[in-house]
Amino acid sequence: MDAPLSSIPAAPPGRRPPPRLAFVIGSGGVRSAAALGAAGALAEHGIRPDLIVGCSSGALIGAPLALGVEPRAALAMAVKFWSNDLAQRRRWRAWLELALPRLAGFGPDFSLRDARGIRQAVEGAFGDVRLEDLPTPMRVAATDAASGMPLTLTSGPLADAIRASLAVPFLFPSVPVAGRRLVDGVISDPLPVAAAADAGVLLTLALEGAMPRRVDRASRLAAQATTALINNLQEARLAAMRARGARIVELHLVLKRRVGLWETGALPEIFDAGWLAGERALPQLRTLLQPAASTTAHPRAA
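All values derive from a computational prediction rather than experimental measurement.

## Structural notes on the overall build of the protein
Point 1. A tally of regular secondary structure across the protein gives nine helices and nine strands.
Point 2. For the protein, the exposed area adds up to about 14500 Å²; of that, 57% sits on carbon and sulfur atoms.

## Things to note about helix α3 (residues 71-81)
Residues that lie three or four places apart on an α-helix share one face, since the helix turns once every 3.6 residues.
Point 1. Restricting attention to buried positions, one finds in α3 the residues Pro71, Ala74, Leu75, Ala78 and Phe81. Seen end-on, α3 carries its buried residues on one side only, within an arc spanning 125°.
Point 2. Buried residues along α3 sit against α1 (34-43), α2 (57-67), α6 (116-126) and α9 (267-289).
Point 3. Near the N-terminus of α3, the side chain that reaches the backbone nitrogen of Arg72, with its oxygen 2.9 Å away, is that of Glu70.

## Comments concerning the side chain of Thr227
Point 1. Structurally, Thr227 can be placed in helix α8 (residues 218-243).
Point 2. A relative accessible area of 13% places Thr227 in the buried class.
Point 3. Apart from the residues within four sequence positions on either side, Thr227 is in contact with Gly209, Ala210 and Met211.

## A few points about the nonpolar core
Point 1. Grouped together as the largest cluster of nonpolar side chains are 64 residues, with contacts concentrated most on Phe23 and Met138.
Point 2. Counting residues per element, this core draws most heavily on α9, which supplies 10 residues.
Point 3. Contacts of Phe23, omitting those with residues within four sequence positions, involve Ala35, Ala38, Ala39, Pro49, Leu51, Ile52, Val53, Leu65, Leu203, Leu205 and Leu251.
Point 4. Membership of the second largest hydrophobic core comes to 14 residues, among which are Ala22, Val24, Leu202 and Ile248.

## Looking at the packing of α2 against helix α7 (residues 158-166)
Point 1. Orientation of α2 relative to α7, taken along the N-to-C sense of each, is 155°, at an axis distance of 7 Å. Overall, the two elements α2 and α7 adopt an arrangement that is roughly antiparallel. On α7, the residues that touch Ser57, Ala59, Leu60 and Ala63 of α2 are Leu158, Ile162, Ser165 and Leu166.
Point 2. Residues of the contact of α2 with α7, tallied by class, amount to six nonpolar, two polar and no charged.

## Observations regarding unusual backbone geometry
Point 1. Although it is not a glycine, Ser56 adopts a positive phi angle of roughly 55°.
Point 2. Note that Ser56 resides in the loop between β3 (51-55) and α2.
Point 3. In this structure, Phe170 is a non-glycine residue whose phi angle is positive, near 80°.

## Some words on the pattern of salt bridges
Where charged atoms from two side chains of opposite charge come close, those side chains can pair.
Point 1. For the structure shown, the criterion picks out 12 salt bridges.
Point 2. Ionic pairing is found between Arg93 and Glu97, a salt bridge with its closest N-O pair at 3.5 Å. Of this pair, Arg93 and Glu97 both sit in helix α4 (residues 93-99), separated by four residues, roughly a single helical turn.
Point 3. By relative accessible area, Arg93 is classed as partly exposed at 44%.
Point 4. Exposure remark for Glu97: the relative accessible area of 7% places this residue in the buried category.
Point 5. Residues participating in the shared-partner salt-bridge network are Arg257, Glu263 and Glu269.

## What about a nonpolar patch on the surface?
Point 1. On the surface, Trp92, Trp95, Leu98, Phe106 and Phe170 cluster together into a nonpolar patch covering about 590 Å² of accessible area.
Point 2. When you line up the elements, Trp95 lands in helix α4.

## Quick word on the pairing of strand β7 (residues 180-184)
Point 1. Bridge count between strand β4 (residues 138-144) and β7: three bridges; the pairing is antiparallel. Directly across from Asp144, in β7, lies its bridge partner Leu182.
Point 2. As judged from the three bridges shared by strand β6 (residues 175-177) and β7, these two strands associate in the antiparallel manner. Of the residues in β7, the one forming a bridge with Pro176 is Arg181.
Point 3. Hairpin geometry of β6 and β7 is characterised by an intervening segment of two residues between the two adjacent antiparallel strands and by a positive phi of about 50° at Ala178.

What counts, and at which threshold
Residues numbered from 1 in each chain as written. Predicted model: local features only at pLDDT ≥ 70, side-chain atom pairs only at ≥ 80, totals over all residues. Heavy atoms only, no water. Helix = DSSP H or I, 4+ residues; strand = E, 2+ residues; numbered from the N terminus. Areas by Shrake-Rupley, 256 points an atom, 1.4 Å probe, with all protein chains shown as cover. Buried < 20%, exposed > 50% of the residue type's maximum accessible area, 1.4 Å probe, protein only. Arc of directions from axis to C-beta. Contact = heavy atoms within 4.5 Å. Polar contact = N/O pair within 3.5 Å; in protein donor to acceptor, adjacent residues only side chain to side chain. Core = buried A, V, L, I, M, F, W, Y, C linked by side-chain atoms within 4.5 Å. Axes fitted to C-alpha atoms, helices over the stretch in contact; angles between N-to-C directions. Parallel < 35°, antiparallel > 145°, perpendicular 65-115°, else oblique. Nonpolar A, V, L, I, M, F, W, Y, C, P; charged D, E, K, R; others polar. Salt bridge = Lys/Arg side-chain N within 4 Å of Asp/Glu carboxyl O. Patch = residues over 30% accessible without salt bridge, like charges linked within 9 Å, V, L, I, M, F, W, Y side chains within 5 Å. Pairing = 2+ DSSP bridges.

These results come straight from atomic positions and should not be treated as a statement about function.
Okay, here's the thing in structure tokens:
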């Protein structure tokens, strides 16, 4: 595999101008599908991003948009992809590896879940498409498992990049890319706005994780800590970009109820909520995308 790894992506010289509008889709499980609804709403008004940046489920959702798939058709792809049991296939040997790590061969690629189903689904959906050949450029956030550093994939097999960005440590094994073991981008950069620093305007979908309602088991205690870390890291990334003068338009997703991380039955209502969020963002986007805006000082946008 020959995908270049970098923390500051750069377009090949002479091939494409800096993106005018980048759509940065953060991690958030099925809620990332709101990006499809937002994209549909904006497309109806002639606004389409010329760069897609995705992390974890945001990379999975962003890929069809980068391929040029119409948003409602992309929603159908998501419904088909996210079967209820896809991420629930257990590795029974994992319990032996936890109990007897030396004898059972516990190693850096330990996982509680069997990732073969996800691999088959991703490769079935995207085949041998490469990032550098997408109609709309795409950058995928991942994390180097050994160093913990954030990385951005800008070329190479699209399926490998998505699988790496989805590889939640402990649950799923790392994915080898260009000689490195890569894991979920949410570990280092849940909302990779810095990967779109060269864009004129950034449209962002930040999905704050819901804290557990009660802590009555070890898994919920772990979820409490990791959710707080991810939410704070996401906000820190946004604040850093605003401090640099980036023009950011945030999509604000309003759901009528709490949606589970992998609640696939909620995808249609998430799509509709994303559509409304896109419509609400239209006035601000139109203002920032006016040609005159590029000749003036960059105002900060909330």
